[in-house]
Amino acid sequence: MPGSSGNGAVTRSTLRQQIADALRDEVLAGRLQPGQEFTVKEIAEQYGVSATPVREALVDLSAQGLLEADQHRGFHVHEYSLADFRGMIEARSLVTDGMFQSLEAGHRILQELDEPRTAAAVAGVRRRGEEAQRAAAAGDLTVLIGYDLRFWRELSVLFGNPYLADFLHRLRVQTWVCTVQHLRRATGDLRGSLWSGHTEIADALYERDTKTARELLTAYNGHYLTLIESLASD
């Protein structure tokens, strides 16, 4: 019934997630800068909502490592170091390489590629990859991040382990936040500097070519590690 406590809880939970998603996008877009401070009241006024869902959203983003709580003052955007980035890439590489190793060992994805539902899911992943490649070619970092996250999220979901998919998505968001903090400082056109091999990975998976898929994955991680290390040394 409208106005019941159950519906109120659902509404607040939804609002909490919407605010968290909006603030995460602000951080990814570089509009909320590393170290930038703000209060619950400021965010609540910005979005025209009450303080409770805002506070909950900020706590959620702090738990994800995107924000830090300043005791009695509010929150600020976490600033990642080059060492943080290297650690993220290492963690991501260990997990994702293990996923592709499982393909070589005969993971069920390869056995189900000819099934209509799995084939459709792989085709959807490839479409995300196509959009990511177009954004990379255009040097559009914001659009690239959105499609890159969707590409890897949907690819991870194919493995059938929601814990794995959630863990990798959170780690990829953190990695992109760190990447953005460095790339936004770069001057000039980003065209030609952003990795764009998404469709090749999807095609290798569909063709059951796990060796090529793993090589492309290594290239993806290595590309951004080299890029951020070069920017950090400037």
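This text goes with the structure placed above it.
This report concerns the structure included in the present document. (Residues numbered from 1 in each chain as written. Predicted model: local features only at pLDDT ≥ 70, side-chain atom pairs only at ≥ 80, totals over all residues. Heavy atoms only, no water.)

A word on unusual backbone geometry. Positive phi values are uncommon outside glycine, yet Arg208 reaches one of about 65°. Relative to the helices and strands, Arg208 resides in the loop between α9 (198-206) and α10 (210-233). (Helix = DSSP H or I, 4+ residues; strand = E, 2+ residues; numbered from the N terminus.)

What follows covers the packing of aromatic side chains. Counted under the stated rule, the structure contains 5 aromatic pairs. Ring centres 5.4 Å apart and planes at 70° place the aromatic pair Trp176 and Tyr224 in the edge-to-face group. Of this pair, Trp176 sits in helix α8 (residues 162-183) while Tyr224 is found in helix α10, placing the two residues 48 residues apart along the sequence. Neither Trp176 nor Tyr224 differs from the other in exposure class; each is buried. Ring geometry for Trp195 versus Tyr220: centroids 4.6 Å apart, planes at 80°, classification edge-to-face. On the criterion of sequence distance, the pair formed by Trp195 in the loop between α8 and α9 and Tyr220 in helix α10 is long-range, its members being 25 residues apart. (Phe/Tyr/Trp six-rings, centres within 6.5 Å; stacked < 30°, edge-to-face > 60°. Buried < 20%, exposed > 50% of the residue type's maximum accessible area, 1.4 Å probe, protein only.)

Per the stated rule, a full pass over the model turns up 15 salt bridges. In this structure, Arg16 engages Glu56 in a salt bridge whose closest nitrogen and oxygen atoms are separated by 4.0 Å. Placement of the pair is Arg16 in helix α1 (residues 5-28) and Glu56 in helix α3 (residues 51-63), with a sequence separation of 40 residues. Residues Glu131 and Arg134 are paired through a salt bridge, measuring 2.9 Å at the closest nitrogen-oxygen approach. Of this pair, Glu131 and Arg134 are both found in helix α6 (residues 116-138), 3 residues apart, which corresponds to roughly one turn of the helix. For Glu131, a relative accessible area of 30% translates into the label partly exposed. Through salt bridges that share partners, Arg16, Glu56 and Asp60 make up one connected network. (Salt bridge = Lys/Arg side-chain N within 4 Å of Asp/Glu carboxyl O.)

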